[in-house]
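Results of the structural survey
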Amino acid sequence: MTDQVPKGIQINVPNVARMYDYYLGGKDNFPADREAAERALTVVPEIRHSARSNRAFLGRAVDFIAASGVRQFIDIGAGLPTQNNVHQVAPNARVVYIDNDPTVLVHGRAILGKNENVTIVEGDLRRPGEILNNPDVLAAIDFDQPVAILLLSIMHFIPDEDDPEGIIATLRDAMAPGSHLALSHVAIDARPAAADGVTQAYDRASAPFVARTGKEIIRMFDGFDVVEPGIVNLPEWRPEPGTVVPYKGIASYFLGGVGVVTDDR
């Protein structure tokens, strides 16, 4: 990463967005991020694969949702811009990227700021009402029409005391029928003994890692009609034809799914 650090960015505190960038092989990270990420990788070496699986899931989910006719997307906890961002997968859609991380906001505005279909907004998922009423969000998104809200690899950084299910319910209540939720979340079912080690690796990071089971994650889809194949390990969600799905049939380790808002919610 460049030696010129924008104001507000703490380079000595491991940052979850920059750690994710490191897992993906990116260069927008600092020594503190790499050291914390390596501690997590020591416990669960598969994290790199899981991060790539999450990006691939984003692409397939956005493509599926756009094919259903949705033309507006809100990506909350968008993270650092990388390949196959939402606006690239759905180039004809209006896209709002939301994050509360200064690193993400600086890079996002520098890279994406000139795209007329893209809006970058500072916002905190823990305060969904503020996101829904943000003037820039309202200028870009018509909540009377179907919208897709993406919560990818972010809910496992929302502690139980912040009421993650309540946060999603607030978002759901603002979504018109035909809207979609795409959500992914690390699950500890396959490696429960590793949960403490990963949690410790994120102890000093910008957000804590929250270990949850598959059953806890599935409850986050309450109020949505979940589309086939359901809430499954990410590589199993509508893989491209001919794709070899790794770890097929094992216990939950990184779940994802897409739900639809219906009239009878």
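Below is a short write-up of the structure. (Residues numbered from 1 in each chain as written. Predicted model: local features only at pLDDT ≥ 70, side-chain atom pairs only at ≥ 80, totals over all residues. Heavy atoms only, no water.)

We now examine the pairing of strand S1 (residues 72-76). A large share of S1 lies buried, amounting to five of its five residues. Of the two faces of S1, the one lined by Gln-72, Ile-74 and Ile-76 and the one lined by Phe-73 and Asp-75 are each fully buried. In this sheet, strand S2 (residues 94-99) lies alongside S1 in parallel orientation, the contact comprising five bridges. Looking across to S2, one finds that Gln-72 is bridged to Arg-94. (Buried < 20%, exposed > 50% of the residue type's maximum accessible area, 1.4 Å probe, protein only. Helix = DSSP H or I, 4+ residues; strand = E, 2+ residues; numbered from the N terminus. Pairing = 2+ DSSP bridges.)

Turning next to helix H1 (residues 16-23). The buried count for H1 comes to eight of eight residues, which makes it a mostly enclosed element. Turning to H1, its buried residues are Val-16, Ala-17, Arg-18, Met-19, Tyr-20, Asp-21, Tyr-22 and Tyr-23. Summarising the contacts, the buried residues of H1 are in contact with helix H2 (31-43), helix H3 (47-67) and helix H5 (102-112). Its side-chain oxygen at 2.9 Å from the backbone nitrogen of Ala-17, Asn-15 defines the N-terminal cap of H1. Positioned one or two residues after H1, Gly-25 has a phi angle of 90°, which is positive. (Contact = heavy atoms within 4.5 Å. Polar contact = N/O pair within 3.5 Å; in protein donor to acceptor, adjacent residues only side chain to side chain.)

This part takes up the packing of aromatic side chains. In total, this model carries four aromatic pairs according to the counting rule given. Measuring from centroid to centroid gives 5.4 Å for Phe-57 and Trp-237, while their planes differ by 90°, and the two rings are edge-to-face. One end of the pair, Phe-57, is in helix H3; the other, Trp-237, is in the loop between strand S7 (232-233) and strand S8 (254-260), and 180 residues separate them in sequence. Exposure remark for Phe-57: the relative accessible area of 0% places this residue in the buried category. Their ring planes at 90° and their centres at 5.7 Å tell us that Phe-64 and Trp-237 sit as a pair that is edge-to-face. Here the residue Phe-64 occupies a position in helix H3, and Trp-237 occupies one in the loop between S7 and S8, the gap between them amounting to 173 residues. Assessed through its relative accessible area of 23%, Phe-64 is described here as partly exposed. Among the aromatic side chains, those forming a connected cluster through ring pairs are Phe-57, Phe-64 and Trp-237. Looking at Arg-48, its charged tip hangs above the ring of Tyr-22, at a distance of 4.9 Å from the centre. Lying over the aromatic face of Trp-237, Arg-238 brings its terminal NZ or CZ to 5.5 Å of the ring centre. (Phe/Tyr/Trp six-rings, centres within 6.5 Å; stacked < 30°, edge-to-face > 60°. Lys NZ or Arg CZ within 6 Å of the ring centre and 35° of its normal.)

Turning our eyes to something else, we now look at unusual backbone geometry. Looking along the chain, the bond that leaves Glu-228 and enters Pro-229 is cis, with omega of 10°. Here Pro-229 shows up in the loop between strand S6 (225-226) and S7. The phi dihedral of Ser-153 falls on the positive side, at around 55°, and the residue is not glycine. As for its placement among the helices and strands, Ser-153 is situated in the loop between strand S4 (148-152) and helix H8 (164-173). Phi is positive for Asp-163, which is not a glycine, with a value near 60°. On the secondary structure map, Asp-163 appears in the loop between S4 and H8. Note on Asp-163: relative accessible area 44%, which makes it partly exposed.

A separate point is the environment of Pro-208. Tracing the backbone through its elements, the reader meets Pro-208 in the loop between helix H9 (195-201) and helix H10 (214-218). Along the sequence, Pro-208 and Ile-158 sit 50 residues apart, while their C-alpha atoms lie 7.7 Å from each other. With residues up to four places along the chain from it excluded, the contact list for Pro-208 reads His-156, Phe-157, Pro-159 and Tyr-202.

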